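Read off the chains here:
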Amino acid sequence: MNLDNVIPNPQFRMCHSRVIAAPLADVWDELNTVPMSALPLGLVLESLRLLPAKLSGQKHPSLAGLTFLDVTPIPVLFSEPPHVVISAGLSQAWRLLGGSTPPVLDAAGLRDWTGTGWLKVGMEFRLESTPKGNLLSTETRIHAMDPDTMRAFTAYWFVIRPFSDAIRREVLRVVAHRAETTQRPR
């Protein structure tokens, strides 16, 4: 499975990758267990994203003890260790308090969704061997379901895209560092 099976025609897309000089299994383990506490920029930015909800009285667990994949606001839909993990779902990310609770959909349900007022959001991490090391890549795709949602999200994306890019680059850097420097029993 890949993001084409979930969000085939995104209006917004970003991709990042990094070659990592560590065994495939070690990179996979780090990707799936990297805590938010190891991602200082991501921790600050995610905390800021949740601030309006906290100020309105909504309770959220401490981010520091959660993994990066636990914190993403879309659920993991597919995982094929040690090669790919895909998180995807519906979102109203531009709304100050996060919007309505989205329906839970599988990959086919999300691909076929036609409701208005929502974004289809997907994030894939893919790991593959290359002659120079293991390539960890990430792609994020977003598709607005209607013109009003497109207008609202476009303004939001203009503001948050640089920060979203920075978080993805930080995840790749930290996963690489941890995989390359952690001694594991063989």
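Above this text you will find the structure in question.
Cut-offs applied
Residues numbered from 1 in each chain as written. Predicted model: local features only at pLDDT ≥ 70, side-chain atom pairs only at ≥ 80, totals over all residues. Heavy atoms only, no water. Helix = DSSP H or I, 4+ residues; strand = E, 2+ residues; numbered from the N terminus. Rg over C-alpha atoms; globule rule 2.2 N^0.38 Å. Buried < 20%, exposed > 50% of the residue type's maximum accessible area, 1.4 Å probe, protein only. Areas by Shrake-Rupley, 256 points an atom, 1.4 Å probe, with all protein chains shown as cover. Lys, Arg positive; Asp, Glu negative; His and termini not counted. Charge placed at Lys NZ, Arg CZ, Asp CG, Glu CD. Phe/Tyr/Trp six-rings, centres within 6.5 Å; stacked < 30°, edge-to-face > 60°. Polar contact = N/O pair within 3.5 Å; in protein donor to acceptor, adjacent residues only side chain to side chain.

## Considering the overall build of the chain
Piece 1. The number of helices and strands found in the chain is five helices and five strands.
Piece 2. If you list the helices and strands of the chain from N to C, you get β-α-α-α-β-β-α-β-β-α.
Piece 3. For 186 residues, the compact-globule formula gives about 16 Å, and the C-alpha radius of gyration of the chain, at 17 Å, lands near that figure.
Piece 4. Residues counted as buried form 43% of the 186 residues belonging to the chain.
Piece 5. Working note: accessible area of the chain is about 9,600 Å², and carbon and sulfur atoms make up 58% of it.
Piece 6. When the 19 positive and 17 negative side-chain charges of the chain are each reduced to one mean point, those points stand 5 Å apart.

## As for the packing of aromatic side chains
Piece 1. Applying the stated criterion to the full structure yields five aromatic pairs.
Piece 2. Between the aromatic rings of Phe12 and Phe153, the centroid separation amounts to 4.9 Å while the plane-to-plane angle is 80°, which identifies the pairing as edge-to-face. Taken as a pair, Phe12 in strand E1 (residues 12-20) and Phe153 in helix H5 (residues 147-181) lie far apart in primary sequence, 141 residues in all.
Piece 3. Taking the relative accessible area as the measure of exposure, Phe12 reaches 10% and is therefore buried.
Piece 4. One aromatic cluster in this structure is built from Phe12, Phe153, Tyr156 and Trp157.

## Description of the environment of Thr181
Piece 1. In this fold, Thr181 is placed in helix H5.
Piece 2. The partly exposed category is assigned to Thr181, whose relative accessible area is 44%.
Piece 3. A distance of 2.6 Å separates the side chain of Thr181 from the backbone oxygen of His177, its partner in a polar contact.

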